[in-house]
Amino acid sequence: MNRTSRPAPTVGFDLDMTLIDSRPGIHACYRALAERTGTHVDADLAVTRLGPPLVEELAHWFPAERVAEAADLYREMYPAYAVTATPALPGAREALAAVRAAGGRTVVVTAKYEPNAKLHLEHLGLEPDSVVGDLWAERKADALREHGASVYVGDHTGDVRGARAAGAHAVAVVSGPCDAAELRAAGADVILGALTEFPGWFAAYLGGPDASRA
């Protein structure tokens, strides 16, 4: 018996460590911030825990009354230090293309400052249909619902929480700070070893309800 295929959905993607390897650029920007402010920031440590909003990381290094000022300075410096140093992750272009080829739409939903997120995508020639920044974890659900995303792809447990809050299929990629066990415990519907596996999974997902369990 032939299965009824799903219509091509809108698919949301996280940015840092899902579509791009932002560690080199962020590392360089943190080092520059430390030099500019005279405040120690362990850039090596900071890039091992990417995902949450910038202010949460800065709170480890700056007193509370200086976090907002440091965040503004970091965002101002970011284009000069981080954009050209940041490559796309393997499979990023193919993942976006797979959705487009199936007639679907793509939206990047990220905790990153939206103007800087757009600079990364423009520099790398990645062209989602929409970009929404400054949202983390469950707050990502606002944008996912607004854009009608039924799938969300991310690398962090916060991304899984956002997908579940939006009622979207949570696809987790083991390319960031969270391992498969953490992502599974957070409620991921499927775990991919790399984004290069997304086109094959997506084709199976579109094939019918049973295929998405593979």
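Residues numbered from 1 in each chain as written. Predicted model: local features only at pLDDT ≥ 70, side-chain atom pairs only at ≥ 80, totals over all residues. Heavy atoms only, no water.

**With respect to the overall build of the protein**
Piece 1. Check the secondary structure of the protein and you find 10 helices and 6 strands.
Piece 2. Seen through its C-alpha atoms, the protein measures out along the principal axes to roughly 70 × 35 × 30 Å.
Piece 3. Considering only residue pairs separated by 6 or more positions, the protein has 61% of its internal contacts joining residues 24 or more positions apart.
Piece 4. Element-wise, carbon and sulfur atoms account for 50% of the exposed surface of the protein, whose accessible area totals about 9,600 Å².
Piece 5. Averaging the positions of the 20 positive and the 28 negative side-chain charges in the protein gives two centres separated by 4 Å. (Helix = DSSP H or I, 4+ residues; strand = E, 2+ residues; numbered from the N terminus. Contact = heavy atoms within 4.5 Å. Areas by Shrake-Rupley, 256 points an atom, 1.4 Å probe, with all protein chains shown as cover. Lys, Arg positive; Asp, Glu negative; His and termini not counted. Charge placed at Lys NZ, Arg CZ, Asp CG, Glu CD.)

**Considering the pairing of strand β5 (residues 169-173)**
Piece 1. Taking burial as the measure, the 5 residues of β5 include 5 buried ones, the bulk of the element.
Piece 2. Burial along β5 is two-sided: the residues His169, Val171 and Val173 and Ala170 and Ala172 are all buried.
Piece 3. Across 4 bridges, strand β4 (residues 149-154) lies against β5 in parallel orientation. Note that in β5 the partner of Tyr152 across the bridge is Ala170.
Piece 4. Traced from β4 through helix α8 (residues 157-166) to β5, the parallel crossover comes out right-handed.
Piece 5. In this sheet, strand β6 (residues 190-192) lies alongside β5 in parallel orientation, the contact comprising 3 bridges. Opposite Ala172, over in β6, you have Ile191 as the bridge partner.
Piece 6. Considered for its hand, the β-α-β crossover made up of β5, helix α9 (residues 180-186) and β6 is right-handed. (Buried < 20%, exposed > 50% of the residue type's maximum accessible area, 1.4 Å probe, protein only. Pairing = 2+ DSSP bridges. Right-handed = clockwise from strand over helix to strand, strands pointing away.)

**A few points about the side chain of Thr86**
Piece 1. Looking at where Thr86 falls in the secondary structure, it is placed in the loop between α4 (64-82) and α5 (92-101).
Piece 2. Once you skip the residues sitting within four places of it in the chain, Thr86 turns out to touch Ile20, Asp21, Ser22, Gly25, His120 and Leu124.

**What about the packing of aromatic side chains?**
Piece 1. Scanning all chains against the criterion turns up 6 aromatic pairs.
Piece 2. Between Phe198 and Trp201, the ring centres sit 5.9 Å apart and the planes meet at 40°, which makes this aromatic pair tilted. Within this pair, Phe198 and its partner Trp201 are both found in helix α10 (residues 198-207), separated by 3 residues, close to a single helical turn. Per residue, the accessibility class of Phe198 equals that of Trp201, and both read buried.
Piece 3. Where Trp201 meets Tyr205, the ring centres are 4.9 Å apart and the plane angle is 25°; that geometry is what we call stacked. Here Trp201 pairs with Tyr205, and both are found in helix α10, just 4 residues apart, close to one helical turn. Accessibility assignment for this pair places Trp201 and Tyr205 in one class, buried.
Piece 4. Members of the aromatic cluster, each reached through a chain of ring pairs, are Phe13, Phe198, Trp201, Phe202 and Tyr205. (Phe/Tyr/Trp six-rings, centres within 6.5 Å; stacked < 30°, edge-to-face > 60°.)

**Details of the packing of helix α1 (residues 23-37) against α4**
Piece 1. Where α1 meets α4, the closest approach of the two axes is 9 Å, and the angle between their N-to-C directions is 125°. Classified by the angle between their axes, α1 and α4 sit oblique to one another. The handedness of the crossing between α1 and α4 is right-handed. On the side of α1, the interface is formed by Gly25, Ile26, Ala28, Cys29, Tyr30, Ala32, Leu33, Arg36 and Thr37, while α4 contributes Arg66, Ala70, Leu73, Tyr74, Met77, Tyr78, Tyr81 and Ala82.
Piece 2. A breakdown of the residues in the contact of α1 with α4 according to their chemical character gives 13 nonpolar, 2 polar and 2 charged. (Axes fitted to C-alpha atoms, helices over the stretch in contact; angles between N-to-C directions. Parallel < 35°, antiparallel > 145°, perpendicular 65-115°, else oblique. Left-handed = near helix turned anticlockwise from the far one by under 90°. Nonpolar A, V, L, I, M, F, W, Y, C, P; charged D, E, K, R; others polar.)

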